[in-house]
Amino acid sequence: AKEGGRNTYHFFSAEMHQQVLQRITLEQGLVQALERDEFHLCYQEQTELHSGKIVGMEVFLRWMNPELGLLRPADFLPLAEETGLILPIGEWVLRNACTQLRAWREAGLPAPRVAVNLSGRQLKHFRLVETICRVLDETGLSPRDLEVEVTENIISSDLPTAAERFEELKRIGISIAIDDFGTGISSLRNLQRLPIDRLKIDHSFLQGLATQKDAAPIIKTIIGMAHNLDLRVIAEGVETNDQRDFLHQQGCHEVQGYYFSRPVPAEEFRKLLNTL
Ligand code: C2E
Ligand code: CA
Ligand code: CA
Ligand code: CA
């Protein structure tokens, strides 16, 4: 037993050492990633169900790390958020997405509004709206071309600041979507107080549709609530035709997911726009 205990200790120690090393590597890499131009964005269409039209596109951040390969947000966003690096990175995402949208429009392509994810720190930062205004100005886009997505959890973690920022965003005409809706415990009163435009049904409910008997009523409830509150509603993570049909029947306005298209790099998304 003693022997096993010591082994266990060594095991954890080695693993912790590994984790510390990996954190340092990641953190140093993250500092340099912007100047080394290692980030890129992937685009995924958002489709209106009744018309079949592409009405939006969401951007997702990707990091091609020279040592670790292609990393997804889950691998590095927590660290970026913790260190504050998310602020310059987030500004890069915003500028890159808007510049791309502008370039596609100038090329005569029917590029729709772009949805950008915001982290908690970005939303709380007092300069957020100033930054957004500057980027819109630089790229000559209208506020109607931009939507921000904020998760329910970020909102409930600091409601007063979220409310303040939302009011500022609304004043300049930026549309606001509540991401991962249904996974947090935000009260309906808060929802009613905030100037939001769209609810995004969390993908976990759709995944449960075939197996969990409470998934369908939850989705129906969210869609019904959106209709009653005069909000738009979109479902993310749509992977099958059955899911699409169900959402259509329930009156969900928009959908997004692998069933329609995976998030793809700009060059590939351009090909899609070309067919429209
Ligand atoms: P999210 O905003 O809820 O994004 C949805 C995630 O599901 C994305 O993962 C997307 O690639 C993936 N996805 C899209 N369609 C499907 C589908 O049909 N099935 C399944 N299983 N997954 C699908 P990703 O790109 O790894 O992003 C994860 C999270 O990281 C995002 O969740 C978002 O919260 C955050 N994120 C991504 N890009 C950014 C960014 O530029 N800034 C900030 N602050 N956060 C970002
Ligand atoms: Ca999102
Ligand atoms: Ca989501
Ligand atoms: Ca999510």
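Please refer to the structure placed before this passage.
Overview of the structure. Residue numbers run consecutively from 1 along every chain, following the written order of its sequence. Here every chain gets a letter starting at A, and every ligand a number starting at 1, in the order they are written. Where totals are concerned, whole chains, interfaces and linings use all residues; where local detail is concerned, this predicted model gives features only for residues with pLDDT of at least 70, and gives and counts side-chain atom pairs only at 80 or more. Excluding hydrogens and water, the side-chain values take into account all heavy atoms of the structure.

Re the overall build of the chain
Secondary structure elements follow DSSP: runs of H or I of four or more residues count as helices, runs of E of two or more count as strands, with numbering from the N terminus. A tally of regular secondary structure across the chain gives 12 helices and 10 strands. Compactness check: the chain gives a C-alpha radius of gyration of 20 Å against a globular reference of 19 Å for 276 residues, within 12% of the reference. The C-alpha extent of the chain, read off along each of the three principal axes, is 65 × 50 × 40 Å. Long-range contacts, defined here as pairs at least 24 residues apart, represent 67% of the contacts in the chain between residues at least 6 apart. Here the Shrake-Rupley method, with its probe set to 1.4 Å, supplies the accessible areas, and only the displayed protein chains count as covering residues. Entry remark: accessible area of the chain is about 14,400 Å², with carbon and sulfur atoms responsible for 52%. For the purpose of counting charges, residues Lys and Arg are taken to be positive, whereas Asp and Glu are taken to be negative. His and the chain ends are not included. By convention, charge coordinates are those of NZ in Lys, CZ in Arg, CG in Asp, or CD in Glu. The averaged location of the 39 negative side-chain charges in the chain is 2 Å from the averaged location of its 30 positive side-chain charges. Restricting the calculation to C-alpha atoms gives the radius of gyration, and the globule rule supplies 2.2 Å times the number of residues raised to the power 0.38. Between two residues, a contact is recorded if the distance between any of their heavy atoms is within 4.5 Å.

Describing the pairing of strand β8 (residues 232–235)
Whether two strands pair comes down to DSSP finding at least two bridges between them. Looking at chain direction, strand β7 (residues 198–201) and β8 are connected through 4 bridges and run parallel. Of the residues in β8, the one forming a bridge with Arg 198 is Arg 232. Note: β8 against strand β9 (residues 254–255), 2 bridges, orientation parallel. Paired with Ala 235 across the strands is Val 255, a residue of β9. Handedness of a crossover is defined as follows: with both strands directed away from the viewer, a clockwise route from the first strand across the helix to the second makes it right-handed. After leaving β8, the chain enters helix α11 (residues 241–249) and then returns to the sheet as β9, a path that is right-handed.

Focus: the nonpolar core
For the purposes of this section, nonpolar cores are sets of buried Ala, Val, Leu, Ile, Met, Phe, Trp, Tyr and Cys residues that join through side-chain atoms within 4.5 Å. Burial here depends on accessible area, computed with a 1.4 Å probe over protein chains only, as a share of the maximum for the residue type. Under 20% is buried, over 50% is exposed, and the range in between is partly exposed. Among the nonpolar cores identified, the biggest contains 74 residues, and Phe 166, Leu 199 and Leu 247 are the most heavily contacted of them. The element best represented in this core is helix α3 (residues 86–106), accounting for 9 residues.

Some details on the site of ligand 1
Lining the immediate environment of ligand 1, one finds 23 residues, of which Arg 62, Arg 72, Asp 179, Glu 239 and Tyr 258 sit closest. In protein, a polar contact means a hydrogen-donor-capable atom and an acceptor-capable atom, both N or O and within 3.5 Å, with residues adjacent in sequence counting only if both atoms are side-chain atoms; elsewhere, any N or O pair within 3.5 Å suffices. Between ligand 1 and Gln 44, the relevant distance is 3.0 Å, taken from a nitrogen atom to a side-chain nitrogen or oxygen of the residue. Contact distances for ligand 1 include 2.5 Å between a nitrogen atom and a side-chain N or O atom of Glu 239. The fraction of the free accessible surface of ligand 1 (800 Å²) that becomes covered by protein chains is 82%. Whether a residue is near a molecule or strand depends on its heavy atoms: it is near if one of them lies within 4 Å of it.

Re unusual backbone geometry
For Asp 180, which is not glycine, the phi torsion reads 55 degrees and is therefore positive. With respect to the helices and strands, the residue Asp 180 is situated in strand β6 (residues 175–181). We note that Asp 230 has phi near 65 degrees; this positive angle belongs to a residue other than glycine. When its relative accessible area of 71% is taken as the criterion, Asp 230 is described as exposed.

Observations regarding the environment of Arg 36
By secondary structure assignment, the location of Arg 36 is in the loop between α1 (2–33) and β1 (39–48). A relative accessible area of 48% places Arg 36 in the partly exposed class. Taking the C-alpha atoms as reference points, Arg 36 and Thr 275, separated by 239 residues in sequence, lie 33 Å from one another.

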